[in-house]
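What the coordinates show
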Amino acid sequence: MNILLVLYPALEFASGALAIVVALRALRNYNISSEKIFLGYEVAFLLIGTSSLLRSIILIETVLSSARTAIPANAFSDMLQSILNLVSYLVLLYYQLKTSYESIEKSFELVPFFMISTELNLINALILLYLSLSVLIRYINSRKRSQMMVSVGYFFLSLSHMSYFIRMRFGVALVLENSFRFLGLIFFIVMLSETKKVEK
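We now turn to the structure provided with this report. In this text, all values refer to a predicted model and were calculated from it rather than measured experimentally.

About the criteria used
- Residues numbered from 1 in each chain as written.
- Predicted model: local features only at pLDDT ≥ 70, side-chain atom pairs only at ≥ 80, totals over all residues.
- Heavy atoms only, no water.
- Salt bridge = Lys/Arg side-chain N within 4 Å of Asp/Glu carboxyl O.
- Helix = DSSP H or I, 4+ residues; strand = E, 2+ residues; numbered from the N terminus.
- Buried < 20%, exposed > 50% of the residue type's maximum accessible area, 1.4 Å probe, protein only.
- Contact = heavy atoms within 4.5 Å.
- Phe/Tyr/Trp six-rings, centres within 6.5 Å; stacked < 30°, edge-to-face > 60°.
- Lys NZ or Arg CZ within 6 Å of the ring centre and 35° of its normal.
- Core = buried A, V, L, I, M, F, W, Y, C linked by side-chain atoms within 4.5 Å.

So, the pattern of salt bridges
- For the structure shown, the criterion picks out five salt bridges.
- One salt bridge in this structure joins Arg181 and Glu12, with 3.0 Å as the shortest N-O distance. Note that Arg181 is positioned in helix H6 (residues 173-194) and Glu12 in helix H1 (residues 2-33), a separation of 169 residues in sequence. With respect to burial, Arg181 and Glu12 carry one shared label: buried.
- One salt bridge connects Arg145 with Glu194, and the closest N-O pair in it is separated by 2.9 Å.

Things to note about the environment of Phe13
- For Phe13, the position within the fold is in helix H1.
- With 41 residues separating them along the chain, Phe13 and Leu54 place their C-alpha atoms 8.3 Å apart.
- Apart from the residues within four sequence positions on either side, Phe13 is in contact with Leu53 and Ser56.

Comments concerning the packing of aromatic side chains
- This structure, assessed with the given rule, holds eight aromatic pairs.
- With a centroid separation of 5.9 Å and an interplanar angle of 20°, the aromatic rings of Phe156 and Phe187 are classed as stacked. You can see Phe156 sitting in helix H5 (residues 145-167) and its partner Phe187 sitting in helix H6, a full 31 residues away along the chain.
- Since its relative accessible area comes to 25%, Phe187 is described here as partly exposed.
- A network of ring pairs unites the aromatic residues Phe38, Tyr41, Phe45, Tyr154 and Phe188 as a single cluster.
- One Lys or Arg, Arg143, reaches over the ring of Tyr139 and ends 5.6 Å from the middle of that ring.

With respect to the nonpolar core
- Within the largest apolar cluster, 35 residues are counted, with the highest numbers of intra-cluster contacts made by Tyr41, Phe45, Ile127, Tyr154 and Phe188.
- Mapped onto this core, the elements with two or more residues apiece are H1, helix H2 (36-64), helix H3 (67-100), helix H4 (117-142), H5 and H6.
- Top contributing element to this core by residue count: H3, with seven residues.
- Filtering out sequence-adjacent residues up to four positions away, Phe188 remains in contact with Val22, Tyr41, Phe45, Val150, Gly153, Tyr154 and Leu157.

Rendered as structure tokens:
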């Protein structure tokens, strides 16, 4: 059990660092191509990385603190990460819709920002599933490798939020949650690394 207490914050920290790498790659690609979707990636994954790094710090403090303060600190870190992730995924959703339907002006009906962690993770998972399917449809039409990798990346990020519901029953599932997030972020890093400079 002591090993798991050390493993949780370590995985969370590594996951946050990986998300920051995705954000920096996206910023580089935005500077090269000026495509808005890369700006969306940069903002969203910067938020995701920040939330994971903050959560890892809280988890470390939780491990070092007494059991009396551990539960509320854990609950707060879950809520904070869920809210920041929701905002970041709404950013991704906005840029995805803007890229696909530039002439459409619709506001989002996803209003409940301040709900408990269960509802937030469900919304996060559904948003990511929509993004995955949306990009998958575009991939079927265009057969672009980058779109396939983005679709798979979104899918694994969605699975990371779905595993939250398993984690409520089995604490070890936090490893599964972070593993799915790792896979999703790696697909984005590979896709952004392979993006070529757009000829003007």
